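# Coordinate inspection notes
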2 protein chains.
Amino acid sequence: MTLRIWFVIFILAVVVLPGNQRANSQRTQSFDGFQLVDKDGNIRKPADYRDRFELLGTYTVIDPKGNQMHVTYASPGTAAYYRKTGKFPDGAVLVKEIYGTDHAQLTTGDAHWASGINVWFVKIKDEKSRHPDNKLWGDGWGWALFKADAPDKQVATDYKKDCLGCHIPAKSTDWTYVQGFPVLKSK
Amino acid sequence: MTLRIWFVIFILAVVVLPGNQRANSQRTQSFDGFQLVDKDGNIRKPADYRDRFELLGTYTVIDPKGNQMHVTYASPGTAAYYRKTGKFPDGAVLVKEIYGTDHAQLTTGDAHWASGINVWFVKIKDEKSRHPDNKLWGDGWGWALFKADAPDKQVATDYKKDCLGCHIPAKSTDWTYVQGFPVLKSK
């Protein structure tokens, strides 16, 4: 009898528990955006997103006043979820880097690439209107802005003034310029 | 005595084995490029790299004959390894996508983004000259080319003719245009 009990514990330990741990850890890693948010709705920039997140896509803006490159990353699993559902999952984190560019005549032509970073925009998908009294939350997202001179200091004060203006043409696609994000269509 | 043996097995099962599994799985995921190579040196394109790999960087080529966007991904952990050592690890996989582009006047200016994909280049870092008789291996890498009309068919026949020409200006940085890859400098 004792042996049987131990056998059950053994099976539980080898097969069931590690599987659970993996499932939980995967779920937490994927859409854990609210770990970046304090109780008042203040948003931190995720650490190591370049190593951990997946690319959504790049926009290169050619502008006589200075070219830019916009590179957008999403927390792991976001693209797979979007391909299945057509939506960003609650808790997904998007990070958009705004770079200046360098360019040179390389073997394939006049090539432009990201040089110094100027600004980060961070959005956290919020389906439940968690912070109705915070001016950085609304229209289904938490919105945040960080600048290169103080990369960890969130400096937006009102997403409608600091963020939304540039996103109005993308309102129908959840305020996100999805046309430049091939991974949302195909893995 | 029997109880003690079961207890040891139990501890092994709960604490030690799952930890090992995680460590192995992490190591394999990172630099498992040779899983894509058969015994003759033929190279397959990695599946799901857009979801699994990390971005190295994007080049946008402005060209009167047709703009391009080049997006390069690396297998997980490659950037962290490079930041520590200044080298690509043996077995690292790089995937470069070559896209056509669309563009439009968006809120930030004349924005260019990736549209249809034309070509994939794949490189696998090989420090041990594993395939000296195969013309797709040399100069520290295995080299491969896939085209959109048959995305899984490797079509390069000689890396010196099909690949190396465009990479000569990047010879001193292991044949890779690292200047456009910010993650190699900072996470």
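Cut-offs used in this document
- Residues numbered from 1 in each chain as written.
- Chains lettered and ligands numbered in written order.
- Predicted model: local features only at pLDDT ≥ 70, side-chain atom pairs only at ≥ 80, totals over all residues.
- Heavy atoms only, no water.
- Salt bridge = Lys/Arg side-chain N within 4 Å of Asp/Glu carboxyl O.
- Helix = DSSP H or I, 4+ residues; strand = E, 2+ residues; numbered from the N terminus.
- Buried < 20%, exposed > 50% of the residue type's maximum accessible area, 1.4 Å probe, protein only.
- Lys, Arg positive; Asp, Glu negative; His and termini not counted.
- Polar contact = N/O pair within 3.5 Å; in protein donor to acceptor, adjacent residues only side chain to side chain.
- Contact = heavy atoms within 4.5 Å.
- Pairing = 2+ DSSP bridges.
- Phe/Tyr/Trp six-rings, centres within 6.5 Å; stacked < 30°, edge-to-face > 60°.
- Lys NZ or Arg CZ within 6 Å of the ring centre and 35° of its normal.

## Quick look at the pattern of salt bridges
Residues and elements named next belong to chain A. Inspection of every chain in the model, using the stated rule, returns 16 salt bridges over all chains. A salt bridge links Arg50 to Glu97, with the shortest nitrogen-to-oxygen separation between them at 2.9 Å. Residue Arg50 is located in helix H2 (residues 49-52), and its partner Glu97 is located in strand E3 (residues 93-106); the two are separated by 47 residues in the primary sequence. Relative accessible area serves as the criterion here: at 6%, Arg50 is assigned to the buried category. Of the charged contacts, one joins Lys125 and Asp174 as a salt bridge, the two residues approaching to 2.9 Å between their closest N and O atoms. Separated by 49 residues along the polypeptide, Lys125 in strand E4 (residues 109-125) and Asp174 in the segment after helix H5 (164-167) bring together distant segments of the chain.

## What to know about the side chain of Lys45(B)
All names here are of chain B. Examined against the element boundaries, Lys45 turns out to sit in the loop between helix H1 (2-30) and helix H2 (49-52). Of the side chains with opposite charge, Asp152 comes closest to the buried, unpaired Lys45, at an N-O distance of 4.1 Å. A polar contact is formed between the side chain of Lys45 and the backbone oxygen of Pro151, at a distance of 3.4 Å. Contacts of Lys45, omitting those with residues within four sequence positions, involve Leu36, Trp120, Val122, Phe146, Pro151 and Asp152.

## Considering the side chain of Asp158(A)
Residue and element names in this part refer to chain A. With respect to the helices and strands, Asp158 occurs in the loop between strand E7 (150-154) and helix H4 (159-162). The buried charged residue Asp158 lacks any salt bridge partner; its closest oppositely charged side chain belongs to Lys161, at an N-O distance of 4.3 Å. A polar contact of 2.9 Å, which involves the side chain of Asp158, links it to the backbone nitrogen of Lys160. The residues contacting Asp158, other than those within four sequence positions of it, are Lys135, Leu136 and Cys163.

## Details of the pairing of E3(A)
All names here are of chain A. Counting buried positions along E3 yields 10 of 14 residues, so the element is predominantly enclosed. Bridging between strand E2 (residues 68-74) and E3 involves 7 bridges; their strand directions are antiparallel. Note that in E3 the partner of His70 across the bridge is Ile98. Where E3 meets E4, 13 bridges bridge the pair, whose relative direction is antiparallel. Paired with His103 across the two strands is His112, which belongs to E4. Connecting E3 to the next strand, E4, in antiparallel fashion are 2 residues.

## Some points on the packing of aromatic side chains
Counted by the stated rule, this structure contains 19 aromatic pairs over all chains. For the ring pair Tyr82(A) and Phe88(A), a centre distance of 4.7 Å and an interplane angle of 50° mean the geometry is tilted. The exposure class assigned to Tyr82(A) is buried, which follows from its relative accessible area of 14%. With a centroid separation of 6.3 Å and an interplanar angle of 70°, the aromatic rings of Tyr59(B) and Tyr177(B) are classed as edge-to-face. Of this pair, Tyr59(B) sits in strand E1 (residues 54-62) while Tyr177(B) sits in the segment after helix H5 (164-167), placing them 118 residues apart in sequence. For Tyr177(B), a relative accessible area of 13% corresponds to the buried category. Sitting over the face of the ring of Trp141(A), Lys123(A) holds its NZ or CZ atom 4.3 Å from the ring centroid. Cation over ring: Lys45(B) sits above Trp120(B), and NZ or CZ is 4.1 Å from the ring centre.

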